[in-house]
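Structural overview for review
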Amino acid sequence: MTFFSKLKFALCKTSEKISASIAGKKTNKNFVREIEEALILADVGVEMAAQLASKISQKKFSKEASKLEIKQFLAQEIANLLKPYEYDFFGKVLSHSLYIILVIGVNGNGKTTTIAKIANVFKNLGHNPLMIAADTFRAAAAEQLKYWADKIQVSFCSAEEKCDPAGLVYNSIEKARQNNNNIALIDTAGRMQNRNDLLAELEKIKKVIKKLDSSAPHSTILILDGLTGQAAHAQIKVFLEKIGVDGIIVTKLDGTAKGGAIISLTQKYKIPIFGLGVGEAIDDLKPFLAEEYAKAIVGV
């Protein structure tokens, strides 16, 4: 099964609703309104749904226009919006001898598994990554990351439960330098965006990283659950203000997710999408491609 096929399956419920809003309809105001409603239900957001519906209205399709023709037009409009936020994160030339990546997000978004997937991509590209289990509050977090480290055969660092995560990060980065790792991936405890005490600890981790390398972290990645929908806006806003975000990876696009929030998130926050996760397998993480995503969500 190709990645595009998996992506189409992941967004199939959304594309079915959009297709239903187009099927057999005349190109009148009711037709445009139904497409707009389908986009809102897909978590595209009210403003973006209205903008896309307006594009269809302005196009003035003839009554003979085929369903495919309308869907292709909508897919292209979505792709045009998203194209600036494609970013070849995995293919970029690493600019430091040790490239430090801080991975953040709330509990349940899939951070730990996604870190393993990122490490696997980099390993397959010939890099030597180290995974750091700095989530010392969740008992199973280090165990989970260790399982993946053993499975994909990459380096791993952890410490005793409840230890100071900032201290662990400091020691692990020193170890990475000694062992000639060229990528350090730091897992962090899930930070609810309304918990200032937990966010303060995350800020402490960032300060410790900067003591070792003033230019680090070189990438801060926010992991978002594809099921979160428009609620993801609240998460991004706080993490941007408190920590900073260089890119987003959207996980759990598994057939039940709506997935449309990616459109409104990029347009509002201007943050690139580093990747999409469409399953539990270790290789189910791929770079975000605007045209593929647009075709999948519309069902072209």
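Let me sum up the structure you'll find in this document. (Residues numbered from 1 in each chain as written. Predicted model: local features only at pLDDT ≥ 70, side-chain atom pairs only at ≥ 80, totals over all residues. Heavy atoms only, no water.)

**What about the environment of T114?**
Secondary-structure assignment places T114 in helix 6 (residues 111–124). Along the backbone, T114 and G275 are 161 residues apart, and their C-alpha atoms lie at a distance of 9.9 Å. In this structure, T114 is in contact with I223, I249, T251 and L285, ignoring residues within four places of it in sequence. (Helix = DSSP H or I, 4+ residues; strand = E, 2+ residues; numbered from the N terminus. Contact = heavy atoms within 4.5 Å.)

**With respect to the pairing of strand 5 (residues 219–225)**
Burial analysis of strand 5 places 7 of its 7 residues in the buried class, the great majority of the element. Because side chains alternate across strand 5, one face comprises the buried residues S219, I221, I223 and D225, and the other comprises T220, L222 and L224, equally buried. As judged from the 4 bridges shared by strand 1 (residues 99–104) and strand 5, these two strands associate in the parallel manner. Each residue of the ladder has a partner; that of V103, found in strand 5, is I221. Relative to strand 6 (residues 247–251), strand 5 runs parallel, the two sharing 5 bridges. Looking across to strand 6, one finds that L224 is bridged to V250. At this point the chain moves from strand 5, through helix 10 (residues 232–242), to the parallel strand 6, and the crossover so formed is right-handed. (Buried < 20%, exposed > 50% of the residue type's maximum accessible area, 1.4 Å probe, protein only. Pairing = 2+ DSSP bridges. Right-handed = clockwise from strand over helix to strand, strands pointing away.)

**Digging into empty space enclosed by the protein**
Counted by the stated rule, this structure contains 1 cavity of 30 Å³ or more. If you add up the space inside the largest cavity, you get close to 90 Å³. As for the largest cavity, its lining consists of 15 residues, of which D225, G226, G229, V250 and A261 are closest to the centre. Within the residue set of the lining of the largest cavity, elements represented by two or more residues are strand 5 and helix 11 (261–269). (1 Å grid on protein atoms, 1.4 Å probe; cavity = no way out; pocket = protein on both sides within 12 Å on 5 of 7 lines; lining within 4 Å. Points joined across faces, edges and corners; volume = space filled by probe spheres on them.)

**Observations concerning unusual backbone geometry**
Backbone torsion omega between A216 and P217 reads -5 degrees, so that peptide bond is classified as cis. With respect to the helices and strands, P217 occurs in the loop between helix 9 (196–212) and strand 5. A positive phi angle is found at D43, which is not glycine, with a value near 70 degrees. By the secondary structure assignment, D43 is in the loop between helix 3 (29–41) and helix 4 (46–59). A relative accessible area of 16% means that D43 is categorised as buried. The backbone of K252 sits at a positive phi, close to 60 degrees, despite the residue not being glycine. The residue K252 is located in the loop between strand 6 and helix 11 in this model.

Note that all results are geometric; they support no functional claim without further evidence.
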